[in-house]
Amino acid sequence: MAFQPIICPTFAPDSDEIIKRGHTLFPFFLQMLELTPQEQQIADMLLPFLEDSDMFLTRIHIKPTNNIKVFLDADSGLNIAKCAAINRKLYHAIEETALYPDGDFSLEVSSPGVDEPLTSPRQYQKNVGRTVEVTLVDGTVHLGQMQTVNETGIVLHIKGTKKEAPKEIELAFEAIKTAIVQVTF
């Protein structure tokens, strides 16, 4: 599999429009997702439906049974109505292009779920202020509140213990293996 660039609609090169919508423009406005050619075709059909919205693609997975799973997120939250609307439009587009000539496919559009790792700068930005468990490439695990996100990484606030004072640590994206938002009650 090769990395294919996916252009995030609200991270298009027109930074003035992005700033008006309240988004942070990262210098790398291309997300890099590892997609098969078939997944890339689905992504190419999907992206026009995400334009002029706060929704963005996080992952596509196609099972051998032609079950297509599209995972989206949105800056303002992703509800069932948004997923259903995208599902209808994308299903129709897939049928029109005859990607599956016999119609033997199913399509699911949903959010990634709470146990899925963050995959894009927009997801990190959206979750500033929340507690995340970050596993680094070297196996080190940090649990803390995400304070800031910039083009190179994140800053975590780690609570203190009886033996250690609270601290803030900077983690580069390239050093992060996974970052998962923790649900706290």
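Here, the structure is the one placed above.
How each quantity is defined
Starting afresh in each chain, residues are numbered from 1 along the sequence in its written order. The model is predicted, so local features are restricted to residues of pLDDT at least 70 and side-chain atom pairs to those at 80 or more, both for listing and for counting; the totals for chains, interfaces and linings are taken over all residues. Side-chain numbers here rest on the full set of heavy atoms in the structure, without hydrogens or water. Numbering of helices and strands starts at the N terminus; helices are DSSP runs of H or I of at least 4 residues and strands are runs of E of at least 2. Contact criterion: two residues are considered in contact whenever any of their non-hydrogen atoms come within 4.5 Å of each other. Values of accessible area rely on a 1.4 Å probe in the Shrake-Rupley scheme; residue burial ignores everything except the protein chains shown. Expected helix span is given by 1.5 Å per residue-to-residue step, counting one fewer step than there are residues. When accessible area is computed with a 1.4 Å probe and restricted to protein chains, residues below 20% of their type maximum are described as buried, those above 50% as exposed, and intermediate ones as partly exposed. The arc under discussion is defined with respect to the helix axis, by the directions toward the C-beta atoms. A 3.5 Å cut-off defines polar contacts: any pair of N or O atoms within that distance qualifies, except that in protein one atom must be a possible hydrogen donor and the other a possible acceptor, and neighbouring residues in sequence count only when both atoms are side-chain atoms. Pairing between two strands requires that DSSP report at least two bridges joining them. The convention used is that axes are lines fitted to C-alpha atoms, helices contributing only their stretch in contact, and that angles between N-to-C directions extend from 0 to 180 degrees.

J.: Explain the overall build of the protein chain to me, and be specific about the residues and the numbers.
T.: When its secondary structure is counted, the protein chain shows four helices and 10 strands. Start at the N end of the protein chain and walk to the C end: the helices and strands fall as β-α-β-α-β-β-α-β-α-β-β-β-β-β. Put simply, of all contacts in the protein chain between residues at least 6 apart along the chain, 53% involve residues at least 24 apart. A total of about 10,600 Å² of accessible surface is found on the protein chain, and carbon and sulfur atoms cover 54% of it.

J.: Tell me about helix α3 (residues 80-97), residues and numbers included.
T.: Taking 1.5 Å of rise per residue, the 18 residues of α3 would be expected to cover 26 Å, and the 26 Å separating its terminal C-alpha atoms lies within 8% of that figure. Buried within α3 are the following residues: Cys83, Ile86, Asn87, Leu90, Ala93 and Ile94. In a view along the axis of α3, the buried residues occupy a sector of 140 degrees, so they form one face of it. α3 presents Ala81, Arg88 and Glu96 as exposed residues on the side facing more than 90 degrees away from its buried surface. Its side-chain oxygen placed 3.2 Å from the backbone nitrogen of Ala81, Asn79 serves as the N-cap of α3.

J.: Explain the sheet that holds strand β3 (residues 55-62) to me, and be specific about the residues and the numbers.
T.: An order of β3-β4-β5 is seen for the three strands of this open sheet, with the pairing classed as mixed. Each edge of the sheet is formed by a strand with only one pairing partner; in this case those strands are β3 and β5 (106-110). Between one strand axis and the next, the sheet turns by 20 degrees as a mean value, whatever way the strands run. With seven bridges connecting them, β3 and strand β4 (residues 67-74) associate as antiparallel partners. Bridge pairing in β4 links Arg59 to Phe71. Strand contacts of helix α2 (residues 37-50): β3 and β4, with the helix running at about 155 degrees to β3, the strand carrying the most contacts. Along the sheet face, α3 touches β3, β4 and β5 and points at about 150 degrees away from the line of β5.

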